[in-house]
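# Chain and residue survey
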Amino acid sequence: MSVVDPSDNNQRADDWSRKPERSNMLALRVICWIALTCGRGVARLVLHPISIYFFLFSPAARRNIKRYLRRAIGPDIGWRDGYRLLYSFASTVLDRVYFLRGRWDLFDVSITGNVPVEAEALAGRGAFLLGAHVGSFEALGACKHRSPDAPRLRAAMLMFPDNARQINAILNAVSLPEMRPHVIALGRAHSMLELRDWLDAGGMAGLLADRTLPGQESDPGVQRGNNLSIPFLGEPAIFNDGPFRLAVLLRRKVYFMSGLYLGGARYDVQFEPLADFSVRITDPAEREHRIREAVQSYVTRLEDLCRKYPYNWFNFHDFWLEDGR
């Protein structure tokens, strides 16, 4: 593991946060209408032409998908593997409509490791749920639906909302008020105060930590962090320790969370303890050691998921920064 200079231009070769989303408002509205009017079975048929379209007409995404699958599966991957990954992604986007409508009767969702997370919520301490672009974060809602006696896990997403504003606007429009996700927008002057208050009220803070945020080192709304070069699927990749520094600053526990899509109507929601920063760390050297240890644990868990469930990681940008080589 090594610290990388965040001003290095090569790290910004694929500035995903400033790229416009590849979506069409009319198409999104039509898909949502089909989903809610015709049912999930009919709507899933529409996913095939959508997946084929993006597979054929998104050469950059296709190239990056191939690079990833070769690392996760092996050199013998073919076009079917790339198509399967895109179809899985489209399936999870469609299912978000039903999750946000509270239609848990349509799905078979298994949950493991949720007891410690629920304990933090009941104690009113709040915690960080660090995920990745794996499966569906909205599957977390199954924890609230599983039993009327289960604590209401209130999860707020920390994100840059402008990057996917069209699809978020559509999904917010079709969701039930009680299912609508709460968003704490990064990059705002009041973000830190809003996050602290949310955690102090027993809320969970969800963050997808497998993308390095361009400009993060100078953003007043994001905890300052270091870009670290860590081996991932056989080759060094850049991860930022900002989320962990945020957890240290606010003295919270951190859990790894994933909502894996297993095909059909099956999802598997998993929670794993990642780091405990609830006790103040006074020694700077120990703090740095524990942060780096936590980042490494996160990358190890993500790598394990990518190998076991290779069609669940939906990062279609130049993750290993190969285009500039």
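Whatever comes next refers back to the structure up there.
These figures come from a predicted structure and were not determined experimentally.

## So, the overall build of the protein chain
- Per the secondary structure count, the protein chain includes 10 helices and 10 strands.
- When burial is assessed residue by residue, the protein chain has 51% of its 325 residues classed as buried.
- Counting only contacts in the protein chain whose residues sit at least 6 apart along the sequence, the fraction spanning at least 24 positions is 78%.
- Roughly 15,400 Å² of accessible area belongs to the protein chain as shown, and the carbon and sulfur atoms make up 55% of that amount.

## Here's the deal with the pattern of salt bridges
- All told, the structure shown has 17 salt bridges when counted by the stated rule.
- Residues Arg71 and Glu322 are paired through a salt bridge, measuring 3.2 Å at the closest nitrogen-oxygen approach. Separated by 251 residues along the polypeptide, Arg71 in helix H3 (residues 59–72) and Glu322 in the segment after helix H10 (284–308) bring together distant segments of the chain. Across this residue pair, the class does not change: Arg71 and Glu322 are buried.
- When salt bridges that share partners are traced, they join Arg63, Arg67, Arg71, Glu235, Asp318, Glu322 and Asp323 into one network.

## Quick look at the packing of helix H2 (residues 40–57) against helix H4 (residues 79–99)
- At a minimum axis distance of 9 Å, the contact between H2 and H4 shows a crossing angle of 135°. Judged by the inter-axis angle, H2 sits oblique to H4. Considering the relative orientation of H2 and H4, their crossing is right-handed. Along its contact with H2, which presents Arg40, Ala43, Arg44, Leu47, His48, Ser51, Ile52, Phe54 and Phe55, the element H4 presents Trp79, Gly82, Tyr83, Leu86, Tyr87, Ala90, Ser91, Leu94, Asp95 and Tyr98.
- Residues belonging to the contact of H2 with H4 are distributed by class as follows: 12 nonpolar, four polar and three charged.

## Looking at the nonpolar core
- Counting 55 residues, the largest nonpolar core has Phe232, Phe239, Phe244 and Tyr298 as its most contacted members.
- No other element matches the eight residues that H10 contributes to this core.
- Among residues more than four places away in sequence, those in contact with Phe232 are Ala237, Phe239, Val299, Leu302, Glu303, Cys306, Trp313, Phe319 and Trp320.
- The next biggest cluster of nonpolar side chains, apart from the first, holds 36 residues, and it includes Leu129, Met257, Val269 and Phe271.

## Considering the side chain of Asp241
- For Asp241, the position within the fold is in the loop between strand E8 (235–240) and helix H9 (242–250).
- Among the residues examined, Asp241 registers a relative accessible area of 1% and is labelled buried.

## A closer look at unusual backbone geometry
- For Leu233, which is not a glycine, the phi torsion comes out positive at approximately 55°.
- Among the secondary structure elements, Leu233 is positioned in the loop between strand E7 (227–232) and E8.
- Assessed through its relative accessible area of 4%, Leu233 is described here as buried.
- Here Arg251, not a glycine, exhibits a phi torsion of approximately 55°, which is positive.
- Looking at the element boundaries, Arg251 is found in the loop between H9 and strand E9 (253–261).

Calculation rules
- Residues numbered from 1 in each chain as written.
- Predicted model: local features only at pLDDT ≥ 70, side-chain atom pairs only at ≥ 80, totals over all residues.
- Heavy atoms only, no water.
- Helix = DSSP H or I, 4+ residues; strand = E, 2+ residues; numbered from the N terminus.
- Buried < 20%, exposed > 50% of the residue type's maximum accessible area, 1.4 Å probe, protein only.
- Contact = heavy atoms within 4.5 Å.
- Areas by Shrake-Rupley, 256 points an atom, 1.4 Å probe, with all protein chains shown as cover.
- Salt bridge = Lys/Arg side-chain N within 4 Å of Asp/Glu carboxyl O.
- Axes fitted to C-alpha atoms, helices over the stretch in contact; angles between N-to-C directions.
- Parallel < 35°, antiparallel > 145°, perpendicular 65-115°, else oblique.
- Left-handed = near helix turned anticlockwise from the far one by under 90°.
- Nonpolar A, V, L, I, M, F, W, Y, C, P; charged D, E, K, R; others polar.
- Core = buried A, V, L, I, M, F, W, Y, C linked by side-chain atoms within 4.5 Å.

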